[in-house]
Every structure is written in C-alpha cells, then in structure tokens.
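A look at the structure
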Amino acid sequence: MYGRRCAVTVALLAAVGIGFVFAGGSLLAQKAKGKTRAAATKYLMRGINQPNCKGLGDLLKDSGPADDKAWDTAACHASVLNEMGHLLMDDGRCPDGDWAGAAKSLREGSAAVLAAVEKKDLTAANTAFKTVTGACASCHKAHRSK
Ligand code: HEC
C-alpha cells in the first residue's frame, strides 16, 4: 500500500520537475531570442545598443557635441536606443517584470535625452543619459548570464 502511494508521489514529483525544466528552458530561449524573428538578443546588443550607447556617451562628455552635425548624431543615437526599448518588448522576448521595467526606463531615458538634445541642453541630456545606462545595468543584473 505505502509502496504504491510512494511510487505515485515520485511520479508526480518527476512530472513537476520535468515541467520546471521545460519552463526554465523556454524562458532562457525567450531572453536570448524572440519567438519568430531571426535576430538573437546578443546581436541586437552588440550591433545596436552598444555602439549607440557608447556613441551617445562620448558625445555628451566634456563640453558636449561640437557642432550641429554632432548634436544631430546624438539625436540619432538617442532615437535608435528608444526604438530598442520598444523592440526588446516585441516577439515574446520579454520574460518578466524586471525586463519590462528596464525596457521602459530605456524608452523613457532615451526619449528624455532626445528632448534635451533637441534643445541642446547638455546638462539635461547627461541627467537623462544616466537613466539609459541604469536601464542597461538593471536588465543585465537580472538577465545577463555571467
Ligand atoms: C531589457 C533587457 C536589456 C536591456 C535594457 C539591455 N540589455 Fe544588453 N543584454 C541583455 C541580455 C539578456 C544580454 C545577453 C544576451 C545573450 O548572451 O544571449 C545582453 C547582452 C549585452 C551585451 C553583450 C552582447 C554580446 O556580444 O554577447 C552588450 C554589449 C549589451 N548587452 C549592451 C547593452 C547596452 C549598452 C544597453 C543599454 C543601452 C543594454 N545592453 C540594455 C538584455 C538587456
């Protein structure tokens, strides 16, 4: 009698365990890539986030963008980063609230940088840029495997 109940329990626990493994696997897949589109998250990071974030940070250093063309380039970087804040939520890529929150700060921070850049307000642009880099850091802390 006990033996049988025990076997049922073991079978149930095994089923639950396998369920967790599957759920865990699909969560990882979701972060690394969306459901249908080809681009892996790491390539969006390497190809879009990284160069635009670095380009923007470099332009906002010291006395800021040197001329109209440089301000326009800063506006370009901020715009593309804003679009990434939307893109990271698309195609079933977002696994949880930490991710969604970081994507939202990326959108809000980059939109604020763009508004400041349009007014050529370097101080406001630098303040808003901290929200952008904070968004990178908070999503990486929660979701980028070491
Ligand atoms: C909403 C989540 C999220 C946000 C926001 C985010 N990242 Fe990432 N990033 C990731 C994840 C997840 C990985 C790991 C991807 C992998 O290896 O599969 C990653 C990896 C990277 C990598 C390594 C890419 C490679 O070549 O392996 C770089 C560089 C990077 N991010 C830069 C940035 C920068 C800069 C920002 C901010 C402008 C940013 N990320 C914002 C989630 C995010």
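Check the entry above for the structure.
In this report, we go over the structure that sits alongside the text. Every chain is numbered independently, its residues counted from 1 as its sequence is written. Only residues with pLDDT of at least 70 get local features here, since the model is predicted, and only at 80 or more are side-chain atom pairs given and counted; chain-wide, interface and lining totals rely on the full set of residues. Only hydrogens and water are set aside; all other atoms, that is, all heavy atoms of the structure, feed into the side-chain values.

1. Quick look at the overall build of the chain
Worth spelling out the cut-off: A helix here means a DSSP run of H or I that spans at least four residues, while a strand means a run of E at least two residues long, and both kinds are numbered starting from the N terminus. Each residue is assigned to one of three classes by its accessible area relative to the maximum for its type, calculated with a 1.4 Å probe on protein chains only: buried under 20%, partly exposed between the two thresholds, exposed over 50%. We call two residues in contact whenever any of their non-hydrogen atoms come within 4.5 Å of each other. For the area figures, the Shrake-Rupley method with a 1.4 Å probe applies, and any residue is considered shielded solely by the protein chains shown.
When helices and strands are tallied, the chain shows five helices and zero strands. In the chain, the order of α-helices and β-strands from amino to carboxyl end is α-α-α-α-α. Across the 146 residues that make up the chain, the buried fraction comes to 32%. Sequence separation of at least 24 residues holds for 66% of the intrachain contacts in the chain that already meet a minimum separation of 6. Only carbon and sulfur atoms are counted for the fraction: they give 63% of the accessible area of the chain, which is about 9,200 Å².

2. With respect to the environment of V132
With respect to the helices and strands, V132 occurs in helix α5 (residues 122–143). Residue V132 is classed as buried on the basis of its relative accessible area, which comes to 1%. C-alpha of V132 to C-alpha of K104: the two residues are 28 residues apart in sequence and 9.8 Å apart in space. For V132, the contacting residues outside a window of four places in its chain are C53, L81, L106, G109, S110 and V113.

3. Some words on the site of the ligand
We count it as follows: The cutoff for a nearby residue is simple: one of its non-hydrogen atoms must lie within 4 Å of the molecule or strand. Identification of polar contacts relies on pairs of N or O atoms within 3.5 Å, with a donor-acceptor requirement for protein atoms, meaning one able to donate a hydrogen and the other able to accept it, and with residues adjacent in sequence counted only if both atoms are side-chain atoms. Residue type decides the class: Asp, Glu, Lys and Arg count as charged, Ala, Val, Leu, Ile, Met, Phe, Trp, Tyr, Cys and Pro as nonpolar, and the leftover types, Gly among them, as polar.
Looking at the ligand, there are 16 residues lining it, with M45, R46, C136, C139 and H140 nearest. One of the side-chain nitrogen or oxygen atoms of R46 is found 2.5 Å away from an oxygen atom of the ligand. A distance of 2.8 Å separates a nitrogen atom of the ligand from a polar atom in the side chain of H140. Of all elements in the fold, only α2 (41–60) and α5 reach the threshold of two or more residues within the shell around the ligand. Here the shell around the ligand takes six residues from α2, the largest share from any one element. Taken together, the residues of the shell around the ligand sort by class into nine nonpolar, four polar and three charged.

4. Regarding the coordination of the iron atom of the ligand
We apply this condition: We call an atom a donor if it is N, O or S and sits within 2.8 Å of the metal, or 3.2 Å for Na, K and Ca. Water is not counted, so some sites may look partial. Every angle between 85 and 135 degrees makes a four-donor site tetrahedral, while opposite donors more than 155 degrees apart, with all other angles between 65 and 115, make a four-donor site square planar and a six-donor site octahedral; other sites are irregular.
The iron atom of the ligand binds to the protein through M45 (SD) and H140 (NE2), with metal-donor distances spanning 2.0 to 2.3 Å. One way to put it: the six donor atoms around the iron atom of the ligand meet at angles of 85 to 178 degrees, and that makes the site octahedral. Taken as a pair, M45 in helix α2 and H140 in helix α5 lie far apart in primary sequence, 95 residues in all. Residue classification places M45 among the partly exposed residues on the basis of a relative accessible area of 22%. Overall, H140 belongs to the partly exposed group, its relative accessible area being 29%.

5. Overview of the side chain of T41
Looking at where T41 falls in the secondary structure, it is placed in helix α2. The contacts of T41, once residues within four sequence positions are left out, are K31, A32, K33, R93 and W99.

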